[in-house]
Amino acid sequence: MPSSIPHDSVGIVTPQLLEFKEPLPLRSGRVLPEYQLMIETYGTLNADRSNAVLICHALSGHHHVAGYHSEEDKKPGWWDSAVGPGKVIDTNKFFVVGLNNLGGCHGSTGPQSINPETGKEYGPDFPVVTVRDWVNSQARLADRLGIQQWAAVVGGSLGGMQALRWSISYPERLRHCLVIASAPKLTAQNIAFNEVARQAISKDPEFFGGRYREHNTVPKRGLMLARMLGHITYLSDDSMREKFGRELRSGKLSFDFEADFQVESYLRYQGESFSESFDANTYLLMTKALDYFDPTVDFDGDLVAALSGAQCSYLLVSFTTDWRFSSARSREIVDALIAAGKRVAYAEVDAPQGHDAFLMPIPRYMEVFGGYMNRVASELEPGGNA
Amino acid sequence: MRADLEIIQDWIEPGSRVLDLGCGSGELLQFLTEQKKVLGYGLEINPQDIQSCIDAGVNVIEQDLDQGLTNFNDNSFDVVVMTQALQAVHRPDLVLDEMLRVGREVIVTFPNFGHWRARFYLALKGEMPVSKFLPYTWYDTPNIHFCTFKDFEALCWQKQIHITERMVVDSRHRDRWLLQWWPNMLGEIAIYRVTR
C-alpha cells in the first residue's frame with residue numbers, strides 16, 4: 001500500500017452496485033432480462049449536471065479507475081495516472097463515472113452471475129455483448145445518475161470504441177469524445193490475435209465448454225497463454241528490447257525448456273497473475289466485442305456517413321510504436337471526421353511503449369489530453385457553452 | 001494578428017471549409033472560426049504549436065506536409081491556405097499541386113528571396129542572408145527552398161496555375177505603393193491567391 005494516500009489521489013473510494021430491472025435488448029437479438037452495473041464515481045456532480053465524464057474501459061479494465069479501496073490497497077485504479085484532483089481528468093472540476101461493462105468479471109452482470117431464467121450461473125450462455133449494447137447500458141446508467149449529457153466520454157483502445165459509438169448512437173448526449181489508441185474496426189490481423197487467445201482458452205482441458213466453474217476448476221493455462229499473447233501485442237519491439245533485451249534469469253543458458261530469458265519469466269508471471277484474477281468467459285466476450293465492433297455496418301461500410309450525425313467535438317490520440325492499434329487506424333477516424341465536417345484534434349505521441357502507452361503518464365500525452373480537458377472544463381464556467 | 005493573416009482573412013468567405021497547412025499556433029484558424037464561422041482544420045507537426053492549437057480549441061491534426069495530402073479528397077475544401085511554409089517543404093511544387101487538388105482555391109504566402117536586402121547581403125558579403133525576418137543560418141534553417149516572386153510566378157505559369165490576386169508587403173506587412181512599383185526588389189512577403 002502507499003504509506004499514505006498521495007495528495008493527488010481521489011483517495012479511498014467505494015464501488016456501488018446499481019440494479020436495472022428493465023430488460024436490455026441486445027444486438028444479437030437476445031435480451032438481458034435484468035442486470036447490475038458496478039460503478040465508481042469521483043468528484044461532485046454540479047448543480048446543472050453538466051460536468052460528468054464517463055470513462056469506458058478496455059479489454060481487462062473495470063469500474064475501479066482511480067483511488068484506493070482501502071489503506072491496505074497496494075495499487076490504485078487502472079487509470080489513476082489520469083484521474084484525480086489536479087490531474088488531466090480533474091476531479092475538482094468533473095464528476096467522473098467508471099463502470100464495469102456487461103459481461104465483465106468485476107461485479108457487473110456477466111458469465112458468473114445468476115441467470116434469472118434458470119437460477120444458475122450464465123457461464124458460456126451469457127449473451128455475446130457488443131460495444132453498442134454496452135453503450136446502451138451506459139446510457140441507462142446516465143439516466144439513473146441524472147446525467148442528460150456527458151461533458152465528455154473518454155476511452156482508450158476498446159474504451160475508445162465505446163466513446164466513438166456514443167457519439168453515433170447518442171449524438172445529443174455528449175459534448176466531447178476522446179478516442180485514444182483506438183480503431184474504427186479491427187483488421188484481420190487484429191482479429192487473428194484475438195482468435196488465438198480464444199483458442200488457447202477454449203482448448204484448455206479445464207475449460208469444459210465454458211462450464212469450468214461447475215467443475216470447480218479454472219482454465220488457467222489457456223487464460224495465461226491468451227494474456228501472454230495479448231501482452232506481447234501491447235508492447236513494442238523497442239520497449240521489450242529496452243526492458244529485457246536478451247538478459248538471462250540465472251546468468252547462463254540452462255539447455256532445457258525452462259525460462260532462460262527474463263522476457264519469458266516476465267510473460268509467465270503476467271499471464272499467471274492475470275489467469276488468477278480474470279474470468280475466461282469474460283475474456284472470450286471482451287475479445288468478441290472487439291472483433292464485432294464496426295460502426296459502419298448500418299452505413300454500407302461508410303465511416304463518414306456513420307459519423308455524419310455526430311454533434312460532439314473529438315480528440316484523438318495515437319502512439320508511434322503502437323502496432324496493435326496503429327496511428328494509421330486513428331487517422332482513418334480523423335479523416336472520416338474531417339470529411340464529415342466534425343470538430344476534431346489529433347496528436348500522434350512519440351512514445352516507445354506500444355499500445356500500453358495509453359495507460360501511462362507520458363508527458364506529451366498528458367499535455368495534449370490535459371489541454372483538451374481544460375477546454376472541456378472551461379465550457380463549464382459561466383459564459384461557457386455547456 | 002500578423003498582418004499577412006489580416007489580408008488573408010479578407011479573402012475568405014464566411015462559412016467556408018478551410019484547410020491551413022502548417023497552421024502554427026492556430027492564430028488564423030481561431031480568428032476565422034470566431035469571426036467568419038468557417039469550418040477550419042490545421043495541419044501541423046510541431047508539438048508546441050499543436051499544443052497551442054489544442055489549448056485554443058483549434059481543430060489541429062498532426063500531419064507532415066511532406067507526406068502529401070492523399071488522405072483528403074479532391075475539392076474537399078473551399079480554401080487551402082499555407083502561410084510562410086512553402087519554402088520549408090521538400091517539394092513545394094508537389095505540395096502546390098496537392099493544395100490545388102484538395103481545395104477549390106489556394107492562398108500561399110512566402111518570404112521573397114529577391115528582396116533587395118537579401119540580394120545585397122549575398123552580393124556584397126558573399127554570405128547567405130541572415131536578417132531579423134529570416135534569422136536562420138544556412139545550416140539550421142527550416143527554409144530549404146527559397147524563391148523570389150518571379151520564381152514563384154514562373155512555376156505558376158509552367159503549371160498553368162491561375163493567379164487571381166497578389167499582394168506584396170514589407171516585413172511589417174505594410175502594403176506601400178513603392179512595393180507595387182518594383183515588388184520583386186522591394187517586397188519582403190508575397191501573398192498569392194491562385195486556382196487551377
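Residues numbered from 1 in each chain as written. Chains lettered and ligands numbered in written order. Predicted model: local features only at pLDDT ≥ 70, side-chain atom pairs only at ≥ 80, totals over all residues. Heavy atoms only, no water.

Section: the overall build of chain A
Each helix and strand in chain A was counted, giving ten helices and 14 strands. Relative to its length of 386 residues, chain A is compact, with a C-alpha radius of gyration of 21 Å against a globular reference of 21 Å. Expressed as lengths along the three principal axes of its C-alpha atoms, the size of chain A is roughly 70 × 50 × 50 Å. The burial tally for chain A puts 57% of its 386 residues in the buried class. When the accessible surface of chain A is totalled, it reaches about 15,800 Å², and 51% of it is carbon and sulfur. Distance from the positive charge centre (37 side chains) to the negative charge centre (46 side chains) of chain A: 2 Å. (Helix = DSSP H or I, 4+ residues; strand = E, 2+ residues; numbered from the N terminus. Rg over C-alpha atoms; globule rule 2.2 N^0.38 Å. Buried < 20%, exposed > 50% of the residue type's maximum accessible area, 1.4 Å probe, protein only. Areas by Shrake-Rupley, 256 points an atom, 1.4 Å probe, with all protein chains shown as cover. Lys, Arg positive; Asp, Glu negative; His and termini not counted. Charge placed at Lys NZ, Arg CZ, Asp CG, Glu CD.)

Regarding the overall build of chain B
Per the secondary structure count, chain B includes eight helices and seven strands. Scaling as 2.2 N^0.38, a compact globule of 196 residues should have a C-alpha radius of gyration of about 16 Å, and chain B matches this with 16 Å. Seen through its C-alpha atoms, chain B measures out along the principal axes to roughly 45 × 35 × 30 Å. Expressed as a percentage of its 196 residues, the buried residues of chain B come to 53%. By sequence separation, contacts in chain B at least 24 residues apart represent 65% of the contacts at least 6 residues apart. When the accessible surface of chain B is totalled, it reaches about 9,700 Å², and 53% of it is carbon and sulfur. One finds the centroid of the 19 positive side-chain charges in chain B at a distance of 6 Å from the centroid of its 27 negative side-chain charges. (Contact = heavy atoms within 4.5 Å.)

With respect to a nonpolar patch on the surface
Residues and elements named next belong to chain B. Nonpolar side chains collect at one region of the surface, where Leu122, Met128, Trp138 and Tyr139 lie side by side and expose about 510 Å² of accessible area between them. In this fold, tyrosine 139 is placed in the loop between α5 (116-125) and α6 (149-158). In this structure tyrosine 139 comes out as exposed when scored by relative accessible area, which is 60%. (Patch = residues over 30% accessible without salt bridge, like charges linked within 9 Å, V, L, I, M, F, W, Y side chains within 5 Å. Salt bridge = Lys/Arg side-chain N within 4 Å of Asp/Glu carboxyl O.)

Looking at the packing of helix α1 (residues 131-145) of chain A against helix α2 (residues 158-169) of chain A
All names here are of chain A. Where α1 meets α2, the closest approach of the two axes is 9 Å, and the angle between their N-to-C directions is 70°. By the criterion of interaxial angle, the relationship of α1 to α2 is roughly perpendicular. Read as a crossing pair, α1 and α2 show a hand that is right-handed. Every residue of α2 that contacts α1 at Val131, Arg132, Trp134, Val135, Gln138 and Ala139 is listed here: Leu158, Met161, Gln162, Arg165, Trp166 and Ser169. Tallied by class, the residues present in the contact of α1 with α2 amount to seven nonpolar, three polar and two charged. (Axes fitted to C-alpha atoms, helices over the stretch in contact; angles between N-to-C directions. Parallel < 35°, antiparallel > 145°, perpendicular 65-115°, else oblique. Left-handed = near helix turned anticlockwise from the far one by under 90°. Nonpolar A, V, L, I, M, F, W, Y, C, P; charged D, E, K, R; others polar.)

Focus on the side chain of A:His64
Residue and element names in this part refer to chain A. Along the chain, histidine 64 turns up in the loop between β5 (52-56) and β6 (83-84). Judged by relative accessible area, which is 8%, histidine 64 ranks as buried. If we ignore the near neighbours within four places in the chain, the residues touching histidine 64 are Val13, Glu40, Tyr42, His69, Asp73, Pro76, Gly77 and Trp78.

Focus: the pattern of salt bridges
Tallied over the full model, the rule gives 29 salt bridges over all chains. Linking A:Arg211 and A:Glu214 is a salt bridge whose minimum nitrogen-to-oxygen distance equals 3.8 Å. A relative accessible area of 29% places A:Arg211 in the partly exposed class. The partner of B:Arg193 in a salt bridge is B:Glu105, with the nearest N and O atoms 2.8 Å apart. Placement of B:Arg193 in strand β7 (residues 189-195) and of B:Glu105 in strand β5 (residues 103-111) is noted, with a sequence separation of 88 residues between them. Judged by its relative accessible area of 14%, B:Glu105 is buried. Through salt bridges with shared partners, one network takes in A:Glu19, A:Lys21 and A:Glu34.

A few points about the pairing of strand β4 (residues 35-42) of chain A
Residues and elements named next belong to chain A. Counting buried positions along β4 yields six of eight residues, so the element is predominantly enclosed. Sheet topology note: the strand β1 (residues 16-20)/β4 ladder contains five bridges and is antiparallel. If you follow leucine 18 over to β4, its bridge partner there is leucine 37. Pairing of β4 with strand β8 (residues 95-99) involves four bridges; the strand directions are antiparallel. Bridging across to β8, glutamate 40 finds its partner in glycine 98. (Pairing = 2+ DSSP bridges.)

A word on the nonpolar core
Residues and elements named next belong to chain A. Ranked by size, the top nonpolar core spans 166 residues in total, and within it Ile89, Phe319, Tyr365 and Phe369 carry the most contacts. Per-element accounting of this core gives the leading share, eight residues, to helix α10 (residues 363-378). When residues no more than four places from it in sequence are discounted, the contact partners of phenylalanine 369 are Trp79, Ala82, Val88, Ile89, Val154, Leu178, Ile180 and Leu315. Met240, Phe244, Tyr266 and Leu267 belong to the second-largest nonpolar core, a separate cluster that totals seven residues. (Core = buried A, V, L, I, M, F, W, Y, C linked by side-chain atoms within 4.5 Å.)

Re unusual backbone geometry
A negative phi angle characterises most non-glycine residues, just as the trans form characterises most peptide bonds. All names here are of chain A. Of note, the phi angle at alanine 181 is positive, near 45°, even though the residue is not glycine. Secondary-structure assignment places alanine 181 in the loop between β12 (176-180) and α3 (188-202). With relative accessibility at 0%, the residue alanine 181 sits in the buried group. One non-glycine residue with positive phi stands out, namely asparagine 216, at about 50°. Among the structural elements, asparagine 216 can be located in the loop between α3 and α4 (220-234). What makes asparagine 216 exposed here is its relative accessible area of 75%.

Remarks on the packing of aromatic side chains
For the structure shown, the criterion picks out 21 aromatic pairs over all chains. Summarising the aromatic geometry, the rings of A:Phe274 and A:Phe278 are spaced 4.7 Å apart at their centres and angled 20° between planes, so their arrangement reads as stacked. The same class applies to A:Phe274 as to A:Phe278, namely buried. Centre to centre, the rings of B:Phe72 and B:Phe77 are 5.8 Å apart; their planes meet at 80°, and the pair counts as edge-to-face. Of the two residues examined, B:Phe72 and B:Phe77, each falls in the buried class. An aromatic cluster of three or more residues is present, and its members are A:Trp78, A:Trp79, A:Phe319, A:Tyr365 and A:Phe369. Above the face of the A:Phe274 ring, A:Arg227 is positioned so that its terminal group lies 4.3 Å from the ring centre. A cation over an aromatic ring shows up here: B:Arg17 above the ring of B:Phe77, its NZ or CZ 4.9 Å from the ring centre. (Phe/Tyr/Trp six-rings, centres within 6.5 Å; stacked < 30°, edge-to-face > 60°. Lys NZ or Arg CZ within 6 Å of the ring centre and 35° of its normal.)

Comments concerning the interface of chain B and chain A
Each partner contributes to the interface: chain B provides 19 residues, whereas chain A provides 21 residues. Between chain B and chain A, roughly 1,500 Å² of surface is buried when both sides are summed, and carbon and sulfur atoms account for 52% of that area. Considering only the side of chain B, the residues that lose the most area to chain A are B:Gln51, B:Ile54 and B:Glu62, jointly responsible for 36% of the buried surface there. Where chain B meets chain A, there are one salt bridge. The salt bridge involving A:Arg364 is made with B:Glu62; its shortest N-O contact spans 2.9 Å. (Buried area = accessible area lost by both parts, 1.4 Å probe.)

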